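# Chain and residue survey
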Amino acid sequence: MSVKIIPQTQSSYPYPLLIKQLIKPALIHSPGQEIIYKDKVRYDYVTLSKRVAQLANALGDIGVEQGNTVAVMDWDSHRYLECFFAVPMMGAVLHTINIRLTPEQLVYTINHAEDDVILVNSDFLPLLETVKDKLKTVKKIILLTDGSTAFEICLSIDDEYEKMIEKCSDEYEFSDFDENAMATCFYTTGTTGLPKGVYFSHRQIVLHTYGLMSALCSYKTHYSVDSGDVYMPLTPMFHVHAWGMPYLFTMMGNKQVYPGKYEPEMLLKLIADEKVTFSHCVPTIIHMLLNSPVIDKIDLSNWTVVIGGAALSKGLCKAALDHNINIYGAYGMSETCPLLTVANLKERMLDWDKNDQTNVRCRTGLPVPLVDLEIINTSGKPLPHDGKNTGEVVVRSPWLTLGYIKAPDKSEELWEDGWLHTGDIGSIDRDGYLQITDRLKDVIKTGGEWLSSLELEDIISQHPAVSEAAAIGLPNEKWGERPLVFVVLKKEFENKVTPDELKEFYVQYVEKGIIPKYGIPGEIKIVEEIAKTSVGKINKKELRKSYR
């Protein structure tokens, strides 16, 4: 016998999972709650809903139809939030452009995505100007400003955002359509080759929103999010929809604060003045804030920060905890929308001391509901969850990209054997926690053994003199590769610590059996800064290239 399919009554309504459903709850539960942009704009959810309708009408007036692609180049703002809803709700596709791309990458992604309209902040006009003659599909360019006129416009601008929407009706009948329709697309910022385009449907974004809610709002752990939180993203909105968080916090009707360009003093001022309780970012951002001279003047005891995009080191975690920031890690990828795991403490761990909790907070985390996650060997066979066996991390979930845009071969490689291959190496312990030990491409192969660059970074991050660190493998005739660690010292330790002293710090971890003796770096190089990618991750390709 086969399964029984529920018959559909002819007059019943097959409720589609569309992004328009995510904005409705806030209009019922908290219509008067505030949405804030820096120190410039304040409005409520009723106004948000009206402006979303006005934007949809305005885009329709300039020719945007279902299936067209609308791109955005902006800082984190209320305008971006409006685009998160209006563009996909009208059946168009939202392309969130990485504003830190090179001109060559920018023109490639715009043409590859076949953008019809670009909404561009005046700060990025010079960048767009450099590639304007190479754009093949763009028909309209709309200017985004904060009211300033202190810039020179060379491009042919078709309208200005506020002027464009203010003349439009604040009512729009957002129709139903297939929930599998493409809602968003963006391009990964890999360190090799051209950017790869990923895409997500309405159904996937709605399910991901509920996945976020189940991970952040359901468990008795060290922090639980609810509608009383004040939310401020510190992950750019072009980066995997700011990890999907704006959709969640809009659905819950939270007070939201959008900071514009990331400037440490402005960020800390907003956190203090608006009483922000929840943010998320890559390690680089929290590191920047912890090193701001303003931070010691602010009470951060009510602020929770989720770290993703790169590993949360124990050194950085302890520094944040020392400032009373409730910090912990999460894991995902551009291809996974992005949430896969969160480093929630289990109930029995809540009374542990800070050091023991740090070990858990820095783990890659527990898979969230609706995420199946395994580690496999080179033959594709699952490995035991014993915390010792390591293999490639593969995942399944309803919100993973189904492929790369116009790249069927790479899509098949991504989805080999029906699992999305992350390219990360890790282990799963008996408690179910995933621990990423390295990227396949970054693992150091020395003397026939694998050595985790992330572990070497994590160890040296705990040295009191170290501010940042990055480990890479360099070719070695005898051993294949030997580890090299780049270190940025804290200002008060500059010229006071030597590479040999830092090497000696690794010895205690050899004696404890945490790393083998060959794990002690062959060289430690003290530098002023470490190369980063456009989204703030350590750029190991550039480090290898510059050192050689």
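Just above, that's the structure.
Quick look at the structure, then. (Residues numbered from 1 in each chain as written. Predicted model: local features only at pLDDT ≥ 70, side-chain atom pairs only at ≥ 80, totals over all residues. Heavy atoms only, no water.)

### Quick word on the pairing of strand 5 (residues 117-121)
Here strand 5 lies mainly inside the structure; five of its five residues are buried. Residue alternation in strand 5 divides its side chains into two sets, Val117, Leu119 and Asn121 and Ile118 and Val120, and both sets are buried. By the bridge criterion, four bridges tie strand 3 (residues 69-73) to strand 5 in an arrangement that is parallel. Its bridge partner lying in strand 5, Val70 is registered against Val117. Across five bridges, strand 5 lies against strand 6 (residues 140-144) in parallel orientation. Bridge pairing links Asn121 to Leu144 in strand 6. (Buried < 20%, exposed > 50% of the residue type's maximum accessible area, 1.4 Å probe, protein only. Helix = DSSP H or I, 4+ residues; strand = E, 2+ residues; numbered from the N terminus. Pairing = 2+ DSSP bridges.)

### Observations regarding the sheet that holds strand 7 (residues 159-160)
Spatially, the seven strands line up as an open sheet ordered 7-6-5-3-4-8-9, and their pairing is mixed. Looking along the sheet, the strands with just one partner apiece sit at the ends: strand 7 and strand 9 (197-201).

### A short note on the side chain of Thr341
Tracing the sequence through the fold places Thr341 in strand 15 (residues 339-342). Under the relative-accessibility criterion, Thr341 is labelled buried at 0%. Of note is the side chain of Thr341, whose polar atom sits 2.6 Å from the backbone oxygen of Thr364. (Polar contact = N/O pair within 3.5 Å; in protein donor to acceptor, adjacent residues only side chain to side chain.)

### Overview of helix 9 (residues 245-252)
Owing to its 3.6 residues per turn, the α-helix aligns residues three or four sequence positions apart on the same side. Of all eight residues in helix 9, eight are buried, a share of seventy percent or more. When helix 9 is considered as a whole, its buried residues turn out to be Met245, Pro246, Tyr247, Leu248, Phe249, Thr250, Met251 and Met252. Positioned one or two residues after helix 9, Gly253 has a phi angle of 75 degrees, which is positive.

### Digging into the sheet that holds strand 24 (residues 480-489)
Reading across the sheet, the three strands line up as 23-24-25 and stay open at both edges, with mixed pairing between neighbours. Two strands bound the open sheet, and with one partner strand each, they are strand 23 (466-476) and strand 25 (523-526). Along the sheet, successive strands turn relative to each other by an average axial angle of 25 degrees, direction set aside. With four bridges joining them, strand 24 and strand 25 adopt parallel strand pairing. Within strand 25, the position partnered with Val487 by the bridge is Ile526. Along the sheet, helix 15 (residues 453-461) contacts strand 23 and strand 24; its crossing angle with strand 23, the most-contacted strand, is approximately 145 degrees. (Axes fitted to C-alpha atoms, helices over the stretch in contact; angles between N-to-C directions. Contact = heavy atoms within 4.5 Å.)

### A word on the nonpolar core
In a soluble, globular protein the nonpolar side chains are often hidden away together inside. Residues Met73, Phe85, Leu119, Leu128, Phe278, Ile286 and Trp303 are the most contacted members of the largest nonpolar core, which totals 141 residues. Among the elements that line this core, the one with the most residues is helix 3 (residues 78-89), at eight residues. In this view, Met73 contacts Ile97, Ile99, Leu106, Ile118, Leu119, Val120, Asn121, Phe124, Leu127, Leu128 and Leu144; residues no more than four positions away in its chain are not counted. (Core = buried A, V, L, I, M, F, W, Y, C linked by side-chain atoms within 4.5 Å.)

### Some points on a negative patch on the surface
A cluster of acidic side chains, namely Asp409, Glu412, Glu413, Glu416 and Asp417, defines a negative patch on the protein surface. With respect to the helices, strands and loops of the structure, Glu412 is situated in helix 14 (residues 408-414). (Patch = residues over 30% accessible without salt bridge, like charges linked within 9 Å, V, L, I, M, F, W, Y side chains within 5 Å. Areas by Shrake-Rupley, 256 points an atom, 1.4 Å probe, with all protein chains shown as cover. Salt bridge = Lys/Arg side-chain N within 4 Å of Asp/Glu carboxyl O. Lys, Arg positive; Asp, Glu negative; His and termini not counted. Charge placed at Lys NZ, Arg CZ, Asp CG, Glu CD.)

### Side note on the packing of aromatic side chains
The final tally for this structure, using the stated rule, is twelve aromatic pairs. With centroids separated by 4.4 Å and ring planes inclined at 40 degrees, the aromatic side chains of Tyr172 and Phe174 adopt a geometry described as tilted. Between Tyr223 and Phe278, the aromatic rings sit 6.3 Å apart at their centres with planes inclined by 15 degrees, giving stacked as the arrangement. On the criterion of sequence distance, the pair formed by Tyr223 in the loop between helix 7 (202-217) and strand 10 (230-231) and Phe278 in strand 12 (residues 278-281) is long-range, its members being 55 residues apart. Assigned by exposure class, Tyr223 and Phe278 land together as buried. Linked through ring pairs, Tyr223, Tyr231, Phe249, Tyr258 and Phe278 together constitute an aromatic cluster. One residue, Lys196, lies across the ring of Tyr404, its end atom 5.3 Å from the ring centre. In this structure, Lys512 is placed above the aromatic ring of Tyr509, and the distance from its NZ or CZ to the ring centre is 5.3 Å. (Phe/Tyr/Trp six-rings, centres within 6.5 Å; stacked < 30°, edge-to-face > 60°. Lys NZ or Arg CZ within 6 Å of the ring centre and 35° of its normal.)

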